[in-house]
Amino acid sequence: MSAFANRLLTWFDRNGRHDLPWQHPRTPYRVWLAEIMLQQTQVQTVIPYYQRFVEALPDIPALAAADLDRVLALWAGLGYYARARNLHQAAKTCVEIHGGDLPNDFDALSNLPGIGRSTAGAILAQAHGLRFAILDGNVKRVLCRYHGVTGAPASTAVEKILWQLAEEHLPTQRLADYTQAIMDFGATLCTRHDPACVLCPLQADCVALREGRVAELPESKPGKPLPERRTLMLVLRDDAGRVLLARRPPTGVWSGMWSLPEVADHDEARDFVHRHAQVDFDSNLPMALIEHTFSHYRLHIAPLFWRNARQADCISDNDQYRWQILADIDDVGLPAPVRKLLGNLA
């Protein structure tokens with residue numbers, strides 16, 4: 001076993017996280033669900049969502065049989081909703097092709113929707129003890145500092161180097177513990193800001209520490225200003241405490257989710273309200289502006305609110321529009337800013 005792996009495992013035995021819900025029991029489904037939720041999201045945020053999700057959908061057949069709206073409702077608030085849609089589709093594929101189980105073959109596993117090289121490695125190492133490396137953001141940061149790797153980790157050339165290093169450090173035993181150890185180490189000690197180098201079990205051989213470059217590594221990709229976009233969201237509430245929801249398009253941001261109707265300007269708003277609700281358009285009340293930041297742009301939402309709307313006679317609930325009781329809003333998978341807005345309204 002390399003000194004790197006040995007020191008990490010010794011550190012993990014004393015300081016690692018041993019009571020995470022997906023570790024008890026550590027089944028392929030539970031590990032897979034955790035790995036998908038942990039993409040772009042921190043452990044402390046994931047845990048309550050994970051527990052709620054696995055209680056409602058405890059295995060792959062249950063997930064595959066669930067309606068997508070149910071899956072999105074359980075996911076609502078975690079963001080990056082393509083993860084939930086891929087999870088649902090992958091579960092269906094597992095039922096159709098793999099007998100309701102996750103395959104333990106790397107190629108078959110990594111070909112499932114939403115499962116790339118690192119996630120497949122994490123599942124196989126943790127659930128089956130197989131010798132596969134991972135390379136998430138925490139691991140990239142650890143390896144860049146330890147080996148003094150320069151360049152943006154997201155670049156093809158640097159990522160190739162990091163994969164080689166990740167595989168070289170793999171021990172021949174305790175693969176599940178080692179995988180958790182290197183993730184925990186990056187998340188709790190070798191952090192992006194203010195890493196605890198004085199406590200680091202790898203400090204004796206860390207190039208970044210020796211050369212005074214801990215704060216510089218890993219190098220960041222040059223950033224660009226986020227584009228700004230604006231939209232009007234229409235909040236039409238009736239006397240029965242229901243609000244009109246609209247299905248998002250099948251592609252793009254929040255794809256396939258229920259949300260509030262959106263229009264580009266007041267002319268479109270007037271036309272929409274005229275067609276879908278019985279209410280005086282000019283009785284709307286502007287609400288506080290909402291700013292929501294995505295990874296690739298910043299969205300400014302201007303909500304318009306009507307208190308006493310009524311469902312238009314020609315419009316009935318369907319797959320594109322529905323009047324949802326505000327008190328039961330948690331039954332619907334809503335984007336986080338919409339859920340917050342309607343929660344305050346309820």
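Residues numbered from 1 in each chain as written. Predicted model: local features only at pLDDT ≥ 70, side-chain atom pairs only at ≥ 80, totals over all residues. Heavy atoms only, no water.

Peer 1: An account of the packing of helix H5 (residues 68-75) against helix H6 (residues 82-97) is requested, with residue identities and associated values reported.
Peer 2: It is the contact of H5 with H6, at a shortest axis distance of 10 Å, that shows an interaxial angle of 135 degrees. The orientation of H5 relative to H6 falls into the category oblique. Our pair here, H5 against H6, has a crossing hand that is right-handed. Taking contact as the criterion, the partners of Leu68, Val71, Leu72 and Trp75 in H5 are, on H6, Arg83, Ala84, Arg85, Leu87 and His88. (Axes fitted to C-alpha atoms, helices over the stretch in contact; angles between N-to-C directions. Helix = DSSP H or I, 4+ residues; strand = E, 2+ residues; numbered from the N terminus. Parallel < 35°, antiparallel > 145°, perpendicular 65-115°, else oblique. Left-handed = near helix turned anticlockwise from the far one by under 90°. Contact = heavy atoms within 4.5 Å.)

Peer 1: Pulling in residues and values, what's your account of the packing of helix H2 (residues 28-38) against H6?
Peer 2: Packing of H2 against H6 brings their axes to within 10 Å, and their N-to-C directions diverge by 155 degrees. Taken together, the axis directions place H2 and H6 in an arrangement best described as roughly antiparallel. Crossing angle aside, the handedness with which H2 passes H6 is right-handed. On H6, the residues touching Trp32, Leu33, Ile36, Met37 and Leu38 of H2 are Arg83, Leu87, Ala90 and Ala91. The residue inventory of the contact of H2 with H6, partitioned by class, reads 8 nonpolar, no polar and 1 charged. (Nonpolar A, V, L, I, M, F, W, Y, C, P; charged D, E, K, R; others polar.)

Peer 1: Any chance you could break down the packing of aromatic side chains for me, citing the residues and the numbers?
Peer 2: The full count for this structure, using the stated rule, is 10 aromatic pairs. Between Phe53 and Trp75 the ring centres are 6.3 Å apart and the planes differ by 85 degrees, which places this aromatic pair in the edge-to-face class. You can see Phe53 sitting in helix H3 (residues 43-56) and its partner Trp75 sitting in helix H5, a full 22 residues away along the chain. Geometrically, the ring pair formed by Phe281 and Trp306 is tilted, given 5.6 Å between the ring centres and 50 degrees between the ring planes. With Phe281 in the loop between helix H13 (266-276) and strand S5 (285-286) and Trp306 in strand S7 (residues 298-306), the pair connects residues that are 25 residues apart, well separated along the chain. There is no split in this pair, since Phe281 and Trp306 are both buried. Chaining the aromatic ring pairs together yields one cluster made of Trp254, Phe294 and Tyr297. Its guanidinium or amino end placed over the ring of Trp163, Arg117 lies 3.7 Å from that ring's centre, counting from NZ or CZ. (Phe/Tyr/Trp six-rings, centres within 6.5 Å; stacked < 30°, edge-to-face > 60°. Buried < 20%, exposed > 50% of the residue type's maximum accessible area, 1.4 Å probe, protein only. Lys NZ or Arg CZ within 6 Å of the ring centre and 35° of its normal.)

Peer 1: Can you tell me about the layout of surface pockets, naming the residues and giving the values?
Peer 2: If you add up the space inside the largest pocket, you get close to 1300 Å³. Elements supplying a minimum of two residues to the lining of the largest pocket: H2, H3, helix H8 (117-128), helix H9 (137-147) and helix H11 (175-188). Residue classes in the lining of the largest pocket are distributed as 15 nonpolar, 15 polar and 10 charged. Quantified by volume, the second largest pocket comes out at close to 400 Å³. Lining the second largest pocket are 17 residues, with Gly79, Tyr80, Trp254, His292 and Phe294 positioned closest to its centre. Secondary-structure elements contributing two or more residues to the lining of the second largest pocket are H6, strand S6 (290-293) and helix H14 (336-345). Of the residues that constitute the lining of the second largest pocket, the class distribution is 9 nonpolar, 7 polar and 1 charged. (1 Å grid on protein atoms, 1.4 Å probe; cavity = no way out; pocket = protein on both sides within 12 Å on 5 of 7 lines; lining within 4 Å. Points joined across faces, edges and corners; volume = space filled by probe spheres on them.)

Peer 1: Quick rundown of the nonpolar core? Include the residues and the values.
Peer 2: Of all hydrophobic cores here, the largest spans 60 residues; its most connected members are Tyr29, Trp32, Phe53, Leu63, Trp75, Leu260 and Leu342. For this core, the element with the most residues is H2, which contributes 7 residues. Apart from the residues lying within four places of it in its own chain, the contact partners of Leu63 are Tyr29, Trp32, Phe53, Leu57, Val71, Leu87, His88 and Ala91. In this structure, Val142, Ala181, Cys206 and Leu217 belong to the second largest nonpolar core, which totals 37 residues. (Core = buried A, V, L, I, M, F, W, Y, C linked by side-chain atoms within 4.5 Å.)

Peer 1: I'd like to hear about the pattern of salt bridges, residue by residue, with values.
Peer 2: For the coordinates displayed, the defined rule picks out 16 salt bridges. Glu167 is the partner of Arg117 in a salt bridge, and the nearest nitrogen-oxygen pair spans 2.9 Å. Taken together, the positions of Arg117 in helix H8 and Glu167 in helix H10 (residues 156-168) put the pair 50 residues apart, joining distant regions of the chain. Residue classification places Arg117 among the partly exposed residues on the basis of a relative accessible area of 39%. By relative accessible area, which is 37% here, Glu167 ends up partly exposed. Close ionic contact of Asp282 with Arg270 constitutes a salt bridge, the shortest N to O distance being 3.2 Å. Placement of Asp282 in the loop between H13 and S5 and of Arg270 in helix H13 is noted, with a sequence separation of 12 residues between them. Here the salt bridges do not stand alone but share partners, grouping Asp13, Arg174 and Asp177 into one network. (Salt bridge = Lys/Arg side-chain N within 4 Å of Asp/Glu carboxyl O.)

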